[in-house]
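Geometric and topological summary
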Amino acid sequence: MERFLLLPVFFPILAGVVLLLKKEYQKRNSLLVYVGTVLIITGVCACYAVFGVKEGLTLFQLTKEFPVYFKIDFLGRYFSLVVTIVWILAGFFSFEYMKHEKHEKRYFGFYLIVFGVLLGLDFAGNLITMYLFYELMTLTSMPLVLHTQTKEAVMAGLRYLFFSFAGAYMALFGVYVICRYGTTIVFAEGGVIPAAVLQEHGTLFLVASMLLLLGFGVKAGMFPLHAWLPTAHPVAPGPASAVLSGVIVKGGVLAVIRVAYQMIGADFLRGTWVQTVWMTLALVTVFMGSMLAFREPVLKRRLAYSTVSQLSYILFGLSVLQPEAFSGALLHVAAHAFIKVGLFLCAAAIIYRTGAKRVEELKGIGRGMPVTLWCYTIVSLGLIGIPPASGFVSKWHLASGAIASGIPVFSWLGPVVLLVSALLTAGYLLPVTMQGFFPGEGYDASRFKGKEPSGFMLVPLLALAALTIVIGLVPNVLVYAFEAFAALLM
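Report follows, based on the coordinates. Treat the numbers as computed from the prediction; the structure is a model and nothing was measured. (Residues numbered from 1 in each chain as written. Predicted model: local features only at pLDDT ≥ 70, side-chain atom pairs only at ≥ 80, totals over all residues. Heavy atoms only, no water.)

**Details of helix H20 (residues 455–473)**
The condition is simple: Only DSSP runs of H or I with at least four residues qualify as helices, and only runs of E with at least two residues qualify as strands; both kinds are numbered from the N terminus onward. Helix span is expected to be 1.5 Å times the residue number reduced by one. Only protein chains enter the accessibility calculation, which uses a 1.4 Å probe. A residue is then buried if its area is under 20% of the maximum for its type, exposed if over 50%, and partly exposed in between. By definition in these notes, contact holds between two residues if any of their heavy atoms fall within 4.5 Å.
Look at H20: 26 Å from first C-alpha to last across 19 residues, which is about the 27 Å you get at 1.5 Å a residue. Within H20 the residues assigned to the buried category are Met457, Leu458, Pro460, Leu461, Leu464, Ala465, Thr468, Ile471 and Gly472. Residues of H20 that are buried in the fold lie against helix H3 (74–97), helix H15 (323–354), helix H17 (370–384), helix H18 (390–405) and helix H21 (476–489).

Quick look at the structure:
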């Protein structure tokens, strides 16, 4: 039974490689049937593995001490379900969008490969396997950034590669330290470093912890190593931008949770200078990302800066090292994934149908694309934190957890920064809705007439908007599970 863990990881990788090596399809529909079949089979297999496989599996030994080992725990189940839902929806959206892009076969080949790599990262059962798939995530997703092959895309891809590798090498020092002193490299609640070792080598572990947080925080866009994200995400094709900003960045969040809570341990970090620096960097990123998004006139770049800000909501909740804040951070993982992918797909639909890329060009777009703009509005309300959307519940728990932590300054500064960021989020998202539905006098109503996209685009948008509302209406199913898991970790 445990061998079934390998199928959702390696089946899409193999299918993607076969697609890259295959000659061009004479009929486009054959390509779409192939990709759609792989996505659905992988999704079904991933769900079966998540709910049906309890045991772990060693694939092979890198060395005697370091096996490539897969096992699905609570975090792996949660993150892999989010990945699967988003990847399938964005994949079917791509069927229509990629009509006006070149090299479709190459795009879909790498899209399938990254799907398998992300599931491998989620299913990783030890630190070495996680690090291996974390690096593969960077290498296999880079072609999505480079897809258009413009000078801007190439420069953005190189920046993406440089920052990602720089972060990975910073984290590698921490990996060395954990492997040297840990009782095991398998993830365990509370950490794997004996208390006596932490006390004897406290300074070493504090430095290693900070490098791990900074290194894996690069993928999550945390200041000061965030500059790659606003350049890399907007240059990719629309659906690729969506999964880059909504899902792939969560690989950094998953790695941060693994090393902070399941390797080093929250008890060791609590009250140290590492926690103070971590909280400070997260709040600086929240505010800075919101301000930059507020000032940005290009829609996709505005959404990319928003990702910088919103990911650090999650990192701040994790840095507080308090159960309720931790639960809010985990809930915001799914909330942000569905919301941000929805926003980027709405932007992609608008670009595909109208060619408009700047916010000022979207005046009156609600007259011709009402369903698209309503989906944009619903997920925008979720990102702002307006009830009953999912973002309200996750941000409520983040703020409540920060207040309950009693940490000097940060217990009140955190909620204040989150509130200011929410106001800025409203300031950079809602004008699109207001001007789209209420363009004012002198507007040519025929400009966007008949521009609503096809069902391949609208169904994913509607599904993501619905998920945003559903999670907000019935969040306790997830929150109770997160609180129970947080109790084990802390």
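Once you've had a look at it, read on.
**Observations concerning the pattern of salt bridges**
Pairing between side chains of opposite charge can happen when their charged atoms approach one another. Heads up, the rule is: Whenever a carboxyl oxygen of Asp or Glu lies within 4 Å of a side-chain nitrogen of Lys or Arg, that contact is scored as a salt bridge.
Within this structure, the stated rule accounts for six salt bridges. In this structure, the salt-bridge partner of Arg258 is Asp73, at a minimum N-O distance of 2.5 Å. Taken together, the positions of Arg258 in helix H11 (residues 250–264) and Asp73 in the loop between strand E2 (67–70) and H3 put the pair 185 residues apart, joining distant regions of the chain. As far as the burial class goes, Arg258 and Asp73 line up, both buried. Ionic pairing is found between Arg270 and Asp267, a salt bridge with its closest N-O pair at 2.9 Å. Residue class for Asp267 comes out exposed when judged on its relative accessible area of 58%.

**So, H18**
Residues spaced three or four apart along an α-helix point in a common direction, a consequence of the helix completing one turn every 3.6 residues. End to end, H18 covers 23 Å across 16 residues, agreeing with the expected 22 Å (1.5 Å per residue, within 8%). Buried positions along H18 lie against helix H14 (299–319), H15, H17, helix H19 (410–437), H20 and H21.

**Some remarks on the side chain of Ser209**
Condition: Polar contact is defined as a pair of N or O atoms within 3.5 Å, subject to the rule that within protein one atom must be able to donate a hydrogen and the other to accept it, and that residues adjacent in sequence are counted only when both atoms are side-chain atoms.
Checked against the element boundaries, Ser209 lands in helix H8 (residues 202–217). One polar contact links the side chain of Ser209 to the main-chain carbonyl oxygen of Phe205, over a distance of 2.6 Å. Apart from the residues lying within four places of it in its own chain, the contact partners of Ser209 are Ile264, Phe268, Leu269 and Val274.

**Brief notes about the nonpolar core**
Applicable threshold: We define a nonpolar core as any set of buried Ala, Val, Leu, Ile, Met, Phe, Trp, Tyr and Cys residues linked to one another through side-chain atoms lying within 4.5 Å.
Ranked by internal contacts, the top residues of the largest apolar core, which has 185 residues, are Trp87, Phe216 and Leu318. No other element matches the 20 residues that H15 contributes to this core. Every residue in contact with Trp87, bar those within four places of it in the chain, is listed here: Leu39, Tyr111, Val114, Phe115, Leu118, Val243, Val247 and Ile248.

**Some thoughts on the packing of helix H5 (residues 127–145) against helix H10 (residues 238–248)**
Put simply, the rule reads: With axes taken as lines fitted to C-alpha atoms, and helix axes fitted only over the stretch in contact, angles between N-to-C directions fall between 0 and 180 degrees. Put simply, angles under 35 degrees are roughly parallel, angles over 145 are roughly antiparallel, angles from 65 to 115 are roughly perpendicular, and the rest are oblique. Two helices crossing with the near one rotated counterclockwise from the far one by less than a right angle form a left-handed crossing, whereas a clockwise rotation gives a right-handed crossing.
The N-to-C vectors of H5 and H10 enclose an angle of 150 degrees; their axes lie 10 Å apart at closest approach. Taken together, the axes of H5 and H10 are roughly antiparallel relative to one another. The handedness of the crossing between H5 and H10 comes out as left-handed. In this structure, H5 uses Met137, Ser141, Leu144 and Val145 to contact H10, whose residues at the interface are Ala240, Leu244 and Ile248.

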